[in-house]
Amino acid sequence: MDEQSLKVALPFFPALRFFESTGSTNDIAMTWAAQGAPDFSLVAADHQSAGRGRLQRRWITTAGSALAFSLILRPTSVEAEHLSFFTALGALALSDVLKEQYGLISTIKWPNDVLIDHRKTAGILVEATWHGDIVQSVVLGIGVNVAPESVPPDEEVLYPAACVESALGKEVNRVELLAALLERIKSLRSEMRSSRFLAAWRDHLAFQGETVQVVETAGVTLTGILLGLNEDGSLRLQAETGTIYSIQAGDIRLRPVKANG
Ligand code: BTN
């Protein structure tokens, strides 16, 4: 991937910054957003030396093998009330493109991972810049493992990873994938608060009906059956006591099935 091929593939993009190597595209995008970057400005990199994931985790981007980009969005006042939907916007747009362009079925591990064959193939990190309590911009950071070199070994990650090319069995043009994904994000954004969007998110939700552990951001661990999503995008979990919880933010772990006796 290089700047020229990106500019050719994305001729109508308002503003675009490409780096062969950088720390984190989200960091650059946050600074650029604070300086006034317009809606739908893009920061992309071929390699990241300090890629970040949710919950202060590291995200590795190996040169020549992945997508790593951050999109700066200027939310409307309605969009700004539902920031968690931006994570779903990125995840659903990628799931759509994987299906439509490559025939690959993926699921969404709430809130921010895209899985193929139960392995993490992409992660999404949404951050925002604020002016007081008003959201000025949303930075939608997306990392996709495309080629096998992008997949970290199982012992280095909390959740086993995979990549698009291995699932597909052939090479994927990263610039074409990026262009299709950006196009889909743009079209899906207008549906973000619709019942169709929520239905699609529910359809893609991984582990429905399964027993999972959710570590809430405050550090509390809840175990229960994953029932689905509430209207506001929070997770519905039925604990062993029968109580139904709504979880706003957290991290899902699949709980091993207990052996009988
Ligand atoms: C996660 O899995 O927790 C989210 C990973 C998000 C990674 C992307 S890569 C592009 C952008 N820049 C970053 O530093 N992080 C996001």
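Conventions used here
- Residues numbered from 1 in each chain as written.
- Predicted model: local features only at pLDDT ≥ 70, side-chain atom pairs only at ≥ 80, totals over all residues.
- Heavy atoms only, no water.
- Helix = DSSP H or I, 4+ residues; strand = E, 2+ residues; numbered from the N terminus.
- Contact = heavy atoms within 4.5 Å.
- Areas by Shrake-Rupley, 256 points an atom, 1.4 Å probe, with all protein chains shown as cover.
- Lys, Arg positive; Asp, Glu negative; His and termini not counted.
- Charge placed at Lys NZ, Arg CZ, Asp CG, Glu CD.
- Salt bridge = Lys/Arg side-chain N within 4 Å of Asp/Glu carboxyl O.
- Buried < 20%, exposed > 50% of the residue type's maximum accessible area, 1.4 Å probe, protein only.
- Pairing = 2+ DSSP bridges.
- Axes fitted to C-alpha atoms, helices over the stretch in contact; angles between N-to-C directions.
- Near = heavy atom within 4 Å.
- Polar contact = N/O pair within 3.5 Å; in protein donor to acceptor, adjacent residues only side chain to side chain.
- Nonpolar A, V, L, I, M, F, W, Y, C, P; charged D, E, K, R; others polar.
- Core = buried A, V, L, I, M, F, W, Y, C linked by side-chain atoms within 4.5 Å.
- Parallel < 35°, antiparallel > 145°, perpendicular 65-115°, else oblique.
- Left-handed = near helix turned anticlockwise from the far one by under 90°.
- Expected span 1.5 Å × (residues − 1).
- Right-handed = clockwise from strand over helix to strand, strands pointing away.

Would you mind going over the overall build of the protein chain with me for this structure?
When helices and strands are counted, the protein chain shows 7 helices and 12 strands. Over its C-alpha atoms, taken along the principal directions, the protein chain stretches across nearly 60 × 45 × 30 Å. Of the contacts formed within the protein chain by residues at least 6 apart in sequence, a portion of 62% connects residues at least 24 apart. In the form shown here, the protein chain has an accessible surface area of approximately 12400 Å², with 50% of it arising from carbon and sulfur atoms. Here the protein chain holds 23 positive side-chain charges and 30 negative ones, and the gap between their average locations is 3 Å.

What am I meant to see in the pattern of salt bridges here?
Pairing is possible between side chains that carry opposite charge, provided their charged atoms lie close to one another. Across all of its chains, the model carries 12 salt bridges by this definition. For Arg189, the salt bridge goes to Glu79, with nearest N and O atoms at 3.0 Å. Note that Arg189 is positioned in helix H6 (residues 174–189) and Glu79 in helix H3 (residues 77–80), a separation of 110 residues in sequence. Both residues of the pair, Arg189 and Glu79, belong to the buried class. In this structure, Lys120 and Asp113 form a salt bridge, with 2.8 Å as the shortest nitrogen-oxygen distance. Grouping residues by exposure puts Lys120 and Asp113 together as buried. A network of salt bridges, in which partner residues are shared, links Asp27, Arg52 and Glu127.

Even after reading the chapter, I still don't get the sheet that holds strand E2 (residues 41–48), so can you show me in this structure?
Think of a sheet as strands paired side by side through backbone hydrogen bonds, with each pair either parallel or antiparallel. The 7 strands lie next to each other as E1-E2-E3-E7-E6-E5-E4, forming an open sheet whose pairing is mixed. Of all the strands in the sheet, the pair left with one neighbour each is strand E1 (16–22) and strand E4 (107–109). Averaged over neighbouring strand pairs, the angle between their axes works out to 20° when direction is ignored. Note that strand E5 (residues 113–116) and strand E6 (residues 119–131) share 4 bridges and pair antiparallel.

Quick question: what am I supposed to make of the site of the ligand here?
Around the ligand there are 21 residues in total, and Ser24, Gln48, Arg52, Arg54 and Lys120 lie nearest to it. Between the ligand and Thr25, the relevant distance is 3.1 Å, taken from a nitrogen atom to a side-chain nitrogen or oxygen of the residue. Expressed as a share of its isolated accessible area of 420 Å², the protein-covered part of the ligand is 98%. Taken together, the elements giving at least two residues each to the shell around the ligand come down to helix H2 (25–34), strand E3 (66–73), E6 and strand E7 (134–145). Within the shell around the ligand, the residues separate by chemical class into 6 nonpolar, 11 polar and 4 charged.

Can you help me understand the environment of Asp154 in this one?
You can see Asp154 is positioned in the loop between E7 and helix H5 (164–168). Here Asp154 is in contact with Arg119, Pro160 and Ala161, once residues within four sequence places are set aside.

Would you explain the nonpolar core in this entry?
As a rule of thumb, soluble globular proteins bury nonpolar side chains together. Ranked by internal contacts, the top residues of the largest apolar core, which has 66 residues, are Phe69, Leu71, Val144, Ile185, Phe197, Trp201 and Leu235. Considering each element in turn, this core owes the most residues, 11 residues, to helix H4 (residues 84–102). Non-local contacts of Phe69, meaning those with residues more than four positions away in its chain, are made with Thr25, Leu42, Val43, Ala44, Leu140, Gly141, Ile142, Leu178, Leu181 and Leu182. In terms of nonpolar packing, the next biggest core, distinct from the first, is built from 9 residues, Ile28, Ala29, Trp32 and Ile72 among them.

Can you help me understand the packing of H4 against helix H7 (residues 195–204) in this one?
What describes two packed helices is the angle between their axes and the distance between those same axes. Between H4 and H7, whose axes approach to 10 Å, the crossing angle comes to 65°. If you check the angle between H4 and H7, you find them roughly perpendicular. Read as a crossing pair, H4 and H7 show a hand that is left-handed. Residue-level contacts link Ser84, Phe85, Ala88, Leu89, Leu92 and Ser95 of H4 to Phe197, Leu198, Ala200, Trp201 and His204 of H7. Looking at the contact of H4 with H7 residue by residue, the classes come out as 8 nonpolar, 3 polar and no charged.

Is there a simple way to think about H4 in this case?
Because each turn of an α-helix spans 3.6 residues, side chains separated by three or four positions end up pointing in the same direction. Taking 1.5 Å per residue, 19 residues should reach 27 Å; H4 reaches 27 Å between its end C-alpha atoms and fits that length. Within H4, 15 of the 19 residues are buried, which leaves the element mostly enclosed by the surrounding structure. Directly beyond the C-terminal end of H4, a positive phi value near 65° is found at Gly103.

Looking at this structure, how should I read the pairing of E1?
Looking down a regular strand, the side chains alternate between one sheet face and the other. Bridging between E1 and E2 involves 6 bridges; their strand directions are parallel. For Ser21, the partnering residue across the bridge sits in E2 and is His47. After leaving E1, the chain enters H2 and then returns to the sheet as E2, a path that is right-handed.

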